[in-house]
Amino acid sequence: MAETTGVTAGGALAAGLSRDQLHEIYYYLQLTRQVEQVLTHLYRQNKVIGGLYRSLGQEATAVGSAYALRRRTDGTGDVISPAIRDLGALLLMGARPVDVMRQYMAKGDSPTGGREQNVHFTDYDRGYIGLISHLGVMIEVMAGVALSFRLRRQDRVALVYAGDGMTSTGAFHEGFNFAAVQRLPLVVIVENNRYAYSTPVSRQTAAASFVDRAPGYGVVGEQCDGNDVLAVYEMTRRAVERARAGEGASLLEVLTYRRKGHAEHDAQAYVPAEELAYWEARDPIDRYEKRLLEEGWATREELDAIAGRVAVDVDRAREEAEASPMPEPEAALHGVYGDLPVRRPWTRAAAVDPHNA
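Now for a description of the structure that goes with this document. (Residues numbered from 1 in each chain as written. Predicted model: local features only at pLDDT ≥ 70, side-chain atom pairs only at ≥ 80, totals over all residues. Heavy atoms only, no water.)

### Regarding helix α1 (residues 19-44)
Here α1 spans 38 Å end to end across 26 residues, near enough to the 38 Å set by a 1.5 Å rise per residue. Asn46 lies just past α1 and shows a positive phi near 60°. (Helix = DSSP H or I, 4+ residues; strand = E, 2+ residues; numbered from the N terminus. Expected span 1.5 Å × (residues − 1).)

### Structural notes on the environment of Gly248
One can find Gly248 in the loop between α8 (229-244) and β7 (250-255). Residue classification places Gly248 among the buried residues on the basis of a relative accessible area of 3%. The sequence separation of Gly248 and Gln182 amounts to 66 residues, and the corresponding C-alpha distance is 7.6 Å. Every residue in contact with Gly248, bar those within four places of it in the chain, is listed here: Arg183, Leu184, Leu186, Arg242 and Ala243. (Buried < 20%, exposed > 50% of the residue type's maximum accessible area, 1.4 Å probe, protein only. Contact = heavy atoms within 4.5 Å.)

### Remarks on the packing of aromatic side chains
For the structure on display, the rule yields 9 aromatic pairs. Ring centres of Tyr195 and Tyr257 lie 6.4 Å apart, and the angle between their planes is 75°; on these two criteria the pair is classed as edge-to-face. Residue Tyr195 is found in strand β4 (residues 195-196), and its partner Tyr257 is found in the loop between β7 and α9 (273-280); the two are separated by 62 residues along the sequence. Here the two residues Tyr195 and Tyr257 agree in accessibility, since each one is buried. Ring plane angle 55° and centroid distance 5.5 Å describe the contact between Tyr195 and Tyr270, whose orientation is recorded as tilted. Of this pair, Tyr195 sits in strand β4 while Tyr270 is found in the loop between β7 and α9, placing the two residues 75 residues apart along the sequence. Its relative accessible area of 9% is what places Tyr195 among the buried residues. One aromatic cluster is present, built from ring pairs that chain together Tyr195, Tyr257, Tyr270, Tyr278 and Trp279. Here the basic side chain of Arg282 rests over the ring of Tyr278, its NZ or CZ set 3.6 Å away from the ring centre. (Phe/Tyr/Trp six-rings, centres within 6.5 Å; stacked < 30°, edge-to-face > 60°. Lys NZ or Arg CZ within 6 Å of the ring centre and 35° of its normal.)

### A look at the packing of α1 against helix α10 (residues 284-294)
Two numbers describe how α1 lies on α10: the axes approach to 11 Å, and their chain directions differ by 155°. If you check the angle between α1 and α10, you find them roughly antiparallel. Judged by the sense of rotation from one axis to the other, the crossing of α1 with α10 is left-handed. Seen from α1, the contacting residues are Leu22, Ile25, Tyr26, Leu29, Gln30 and Arg33; seen from α10, they are Pro284, Ile285, Tyr288, Glu289 and Leu292. Looking at the contact of α1 with α10, its residues break down into 8 nonpolar, 1 polar and 2 charged. (Axes fitted to C-alpha atoms, helices over the stretch in contact; angles between N-to-C directions. Parallel < 35°, antiparallel > 145°, perpendicular 65-115°, else oblique. Left-handed = near helix turned anticlockwise from the far one by under 90°. Nonpolar A, V, L, I, M, F, W, Y, C, P; charged D, E, K, R; others polar.)

### Side note on the packing of α1 against helix α4 (residues 97-104)
Relative orientation of the contacting elements α1 and α4 amounts to 30°, with a least axis distance of 11 Å. When the axis of α1 is compared with that of α4, the two are roughly parallel. Considering how the two elements wind past one another, α1 and α4 form a crossing that is right-handed. Between α1 and α4, the residues in contact are Leu31, Val35, Val38 and Leu39 and Pro97, Val100, Met101 and Tyr104, respectively. Partitioned by chemical class, the residues of the contact of α1 with α4 number 8 nonpolar, no polar and no charged.

Structure follows, in structure tokens:
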């Protein structure tokens with residue numbers, strides 16, 4: 001993949017984006033939704049190992065934000081750390097649907113060789129670092145990544161996603177406060193989807209919004225409609241531009257909704273039916289599709305063709321993933337002890353090695 005960015009020099013229709021880019025965003029929204037639909041079928045067939053965490057209703061947050069980043073495949077682009085509902089961001093950064101399915105099915109040729117599931121996998125070349133289960137810790141990790149960019153004088157940005165529940169951890173505060181004080185190129189996106197598992201936001205913070213905390217850290221804070229993919233893109237682009245210009249960290253909040261339980265096994269009995277219906281009527285993909293058609297940025301035939309292409313791609317990925325072998329029992333013994341040669345410590349005078357970041 002060549003370097004890509006959300007900014008175009010000409011032919012812009014909306015948010016500085018061309019017609020082709022608007023269609024590309026639609027492709028990734030559809031890809032996220034359809035990959036998760038297939039994963040749901042596999043889960044119900046007992047082919048998914050562990051839990052399934054869907055982003056239904058939140059796809060615009062992951063896709064719109066990641067689209068504002070500099071995406072490369074040689075380890076020199078921007079870097080993200082997704083939360084469990086940010087599959088769309090992973091796909092945009094270059095993760096393949098077949099590998100996502102293999103990962104959920106714990107196949108032997110999955111990115112982690114069957115040792116981990118869902119989004120817990122890393123690709124330094126494509127620019128994503130797998131989530132650590134301990135909530136809030138990735139804020140600290142990505143603050144360190146952003147610090148490494150500054151020390152190496154690299155024009156790169158780190159972006160990390162946090163669920164609203166993650167903001168209640170000490171690690172979130174400590175990591176983000178460090179990034180704010182050091183004026184690091186870090187963008188933190190708080191996905192306010194109304195629930196931390198079954199705990200509503202009103203039960204975990206007395207603040208009117210999470211973005212209200214930004215002045216306490218001394219950083220720029222912005223909030224937007226997380227179900228409007230272009231609003232998410234524009235807000236993230238501004239934060240990325242500030243970070244790249246040396247203006248430090250940003251705290252962003254997207255207002256969205258988790259339309260499934262915490263995981264597929266969660267029947268979400270704690271959610272009022274009328275609340276769910278309200279947000280179903282504000283589906284981010286439906287909204288974007290409607291706007292594309294009303295503004296004349298796409299035709300019905302074009303959108304149907306994109307959705308059809310996604311369906312073919314996803315079905316091919318499912319077939320390939322199901323045919324993949326499970327790990328050999330002996331594989332459990334690999335990588336238990338460190339047997340790699342010790343690398344020489346990095347110095348500022350050394351060449352950059354993305355695999356030794």
